[in-house]
Amino acid sequence: MKEVYHTLIAIVTLLFTTLCTNASNKNDNYVLLPDSSNFVTASLVVVSPGDNVYSALGHCAIRLECPIHKLDYCFSFGTNTATDEDFLQFFAGKLEAGFLALPTEGFLKEYEMEGREVKQVELNLSLHEQQRLWQMLDEDMVGGSFRTFNYLQNNCSSLALKAIEWSLIGEELTVNKWPKQMEMINGDGVRYLSRLRPWLSFVNMTLLGSESDTYWEQEHRISPELIIEALNHATISPIDSVAPRPVFKSMPVTLLQKRSEIHTTPFTPTVVFGILLAIVILITVLEWSLHMHKVAKILDVILLAAQTIAGIALIYMSTVACLFGLHWNWYLIVFNPLPAILWFILRKKSWYPKLYLAYSIILLAFISFWPLTTQIDLEHQLITMALLTRCASKYFFLKK
């Protein structure tokens, strides 16, 4: 059924493009008849953030209309579904995505039900460029999901911007002034964009690694929240001319009013891991004062298991999946399976307690490294402090 739908869209668009080409006679200065002044309209559509993880940063699409032929579609870059399998594919760096053509009425209906705001700005493209944009998006969609969804780089807004650039004929798009938030390095930029979603920010910063201290290309890291502001300061100009024109043909129009706010939780990563640290300190004190060794041992098993699982996942995503590019991840110092391996192999050795001292020194050095990179933040440091507390306690207790 899906293949049939794509084929029908392709046929309709092909016929439409042929009609447009004949009507314009290959001349961008062709004067349209009064009753066909809206023969083709290309617009950028921006949707406010939603409650779901995949919609936490908002959404961006390109709307193409041809009222005469009653064609009105929103071309949206994303995945076909949002299942648990897609969730795993994303963290494996293998989640495929592509452009989907949705009737605008159906596209807006979903966001209306969610109470999200939708804005539209008409693009200042020539007739031929609008035809080219429509044809390219349609061919891209029929070609299937051949790109990998990256969330922070290869996403709906970056692909929408690229599609606009691809449609230009003998012209180039130049952003003369990027939003100030995009002057931040990657780590601070990710924190800003996910500021309303602390758990999303925590996950992103955990995976970002040393990429946090670098700058991606602006076109790659543009977000739905900032794309209108960026293109407000952008121009399209012929390559052989100095007569630019603005990217937008009009001011933004609100298609749907915002009716709901993003739900927040008081249990942020900082609060949760702060509580974890407090529990670790309390149990450590009880272990030394009331000899509650069994409770402390259970805590150690839980912490070691959690650290090992997190470490294996982080090693895979940093060195195999390469979700945001092959890079070093500082959290591999804290989260890795080595402590569990050493425990299984060497725990009966007489000098084994010295390994707790060595790892305590490593964790303390990691905490001291905080000011030198933007990747390390408070919530991760709270986890590190909890591990440090238990390692130091184990060393002194076993030595005693």
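Located above this text is the structure these notes cover.
Counting restarts for each chain, with residues numbered from 1 along the sequence as it is written. Where totals are concerned, whole chains, interfaces and linings use all residues; where local detail is concerned, this predicted model gives features only for residues with pLDDT of at least 70, and gives and counts side-chain atom pairs only at 80 or more. Calculated side-chain values reflect all of the structure's heavy atoms, with hydrogen atoms and water omitted.

Enquirer: Could you give an account of the overall build of the protein, naming the residues involved and the relevant values?
Expert: Only DSSP runs of H or I covering at least 4 residues are called helices, and only runs of E covering at least 2 are called strands; the numbering of each starts at the N terminus. When its secondary structure is counted, the protein shows 14 helices and ten strands. Accessible surface computed for the protein: about 20,800 Å², of which carbon and sulfur atoms make up 64%. Shrake-Rupley sampling with a 1.4 Å probe provides the accessible areas, and residues are treated as covered by the protein chains on show and by no other component.

Enquirer: Now, about the sheet that holds strand β5 (residues 118–122): what can you tell me, with residues and values included?
Expert: The strand order across the open sheet formed by seven strands is β6-β4-β3-β2-β1-β5-β10, and the pairing between neighbours is antiparallel. Every other strand in the sheet has two partners, leaving β6 (147–148) and β10 (253–256) as the edge strands with one partner each. In this analysis, strands are considered paired if DSSP registers two or more bridges between them. Looking at chain direction, strand β4 (residues 96–103) and β6 are connected through two bridges and run antiparallel. For E96, the partnering residue across the bridge sits in β6 and is T148. Along the sheet, helix α4 (residues 127–142) contacts β1 (41–47), β2 (59–66), β3 (71–78), β4 and β6; its crossing angle with β2, the most-contacted strand, is approximately 120°. Between two residues, a contact is recorded if the distance between any of their heavy atoms is within 4.5 Å. Axes here refer to lines fitted to C-alpha atoms; in helices the fit is confined to the stretch in contact. Angles between the N-to-C directions go from 0 to 180 degrees.

Enquirer: Can you explain the sheet that holds strand β7 (residues 171–175)? Please cite residues and give values.
Expert: Strand order in the open sheet formed by three strands is β7-β8-β9, with antiparallel pairing between adjacent strands. Taken across any chain shown, the strands that pair with only one partner, and hence form the sheet edges, are β7 and β9 (245–246). Taken together, the two bridges between strand β8 (residues 234–238) and β9 define a ladder with antiparallel strand orientation. Its bridge partner lying in β9, T235 is registered against P246.

Enquirer: So what's going on with α4? Which residues, and what values?
Expert: The length a helix should cover is 1.5 Å for every residue beyond the first. If you check α4, its first and last C-alpha atoms are 23 Å apart, about what 16 residues at 1.5 Å a residue would give, namely 22 Å. Listing the buried residues of α4 in full gives L127, H128, E129, Q130, Q131, L133, W134, L137, D138, D140 and M141. Burial status follows relative accessibility: with a 1.4 Å probe on protein chains alone, a residue under 20% of its type maximum counts as buried, one over 50% as exposed, and anything between as partly exposed.

Enquirer: Describe the nonpolar core, listing the residues and the values that go with them.
Expert: Counting 88 residues, the largest nonpolar core has L44, L173, I227 and L231 as its most contacted members. The element contributing the most residues to this core is helix α14 (residues 378–399), with seven residues. L173 has contacts with L161, I164, E165, L168, L231, A234, T235 and V247, leaving out every residue within four places of it along the chain. Core analysis: the second largest hydrophobic core is formed by nine residues, L108, Y111, V118 and L256 among them. What makes a nonpolar core is a set of buried Ala, Val, Leu, Ile, Met, Phe, Trp, Tyr and Cys residues whose side-chain atoms join them at distances within 4.5 Å.

Enquirer: Account for the packing of helix α7 (residues 198–208) against helix α10 (residues 269–290), with residues named and values stated.
Expert: Remark: α7 packs on α10, axes separated minimally by 9 Å, with the N-to-C direction vectors making an angle of 75°. Between α7 and α10, the angle is such that the two are roughly perpendicular. Only P269, V272 and F273 of α10 make contact with α7, whose side of the interface consists of P198, W199 and F202. Side-chain classes are defined by residue name, with Ala, Val, Leu, Ile, Met, Phe, Trp, Tyr, Cys and Pro counting as nonpolar, Asp, Glu, Lys and Arg as charged, and the others, Gly among them, as polar. Class assignment of the residues belonging to the contact of α7 with α10 gives a composition of six nonpolar, no polar and no charged. To sort the angles, those under 35 degrees are grouped as roughly parallel, those over 145 as roughly antiparallel, those from 65 to 115 as roughly perpendicular, and the leftovers as oblique.

Enquirer: Give a description of the pairing of β4 that names residues and reports values.
Expert: When β3 meets β4, the two strands line up antiparallel, connected through six bridges. Across the sheet, F77 pairs through a bridge with F99, a residue of β4.

Enquirer: Run through the side chain of E287, naming residues and quoting values.
Expert: Among the secondary structure elements, E287 is positioned in helix α10. Not counting residues within four places of it along the chain, the set of residues in contact with E287 comprises M292, H293, A296, R390 and S393.

Enquirer: Describe the layout of surface pockets, listing the residues and the values that go with them.
Expert: A cavity here means a set of 1 Å grid points, computed over protein atoms only, where a 1.4 Å probe fits but cannot escape. A pocket is an open set with protein on both sides within 12 Å along at least 5 of 7 lines, and lining residues have an atom within 4 Å of a point. Grid points are joined across faces, edges and corners, and a volume is the space filled by probe spheres set on the points. Within this model, the second largest pocket holds a volume of roughly 860 Å³. If you trace the second largest pocket, you find 32 residues lining it, with L304, P339, W343, Y352 and Y356 closest to the centre. Within the residue set of the lining of the second largest pocket, elements represented by two or more residues are α11 (293–321), α12 (338–346), α13 (353–368) and α14. If you tally residues by element for the lining of the second largest pocket, the top one is α11, at ten residues. In terms of residue class, the lining of the second largest pocket is built from 22 nonpolar, four polar and six charged.

Enquirer: So what about empty space enclosed by the protein? Which residues, and what values?
Expert: Counted according to the given criterion, the structure contains one cavity of 30 Å³ or more. For the largest cavity, the calculated volume is near 30 Å³. Forming the boundary of the largest cavity are L207, L314, M317, S318, L323, F324, H327 and N329. Examining the composition of the lining of the largest cavity, we find that three residues originate from one element, α11, more than from any other. Class assignment of the residues belonging to the lining of the largest cavity gives a composition of five nonpolar, three polar and no charged.

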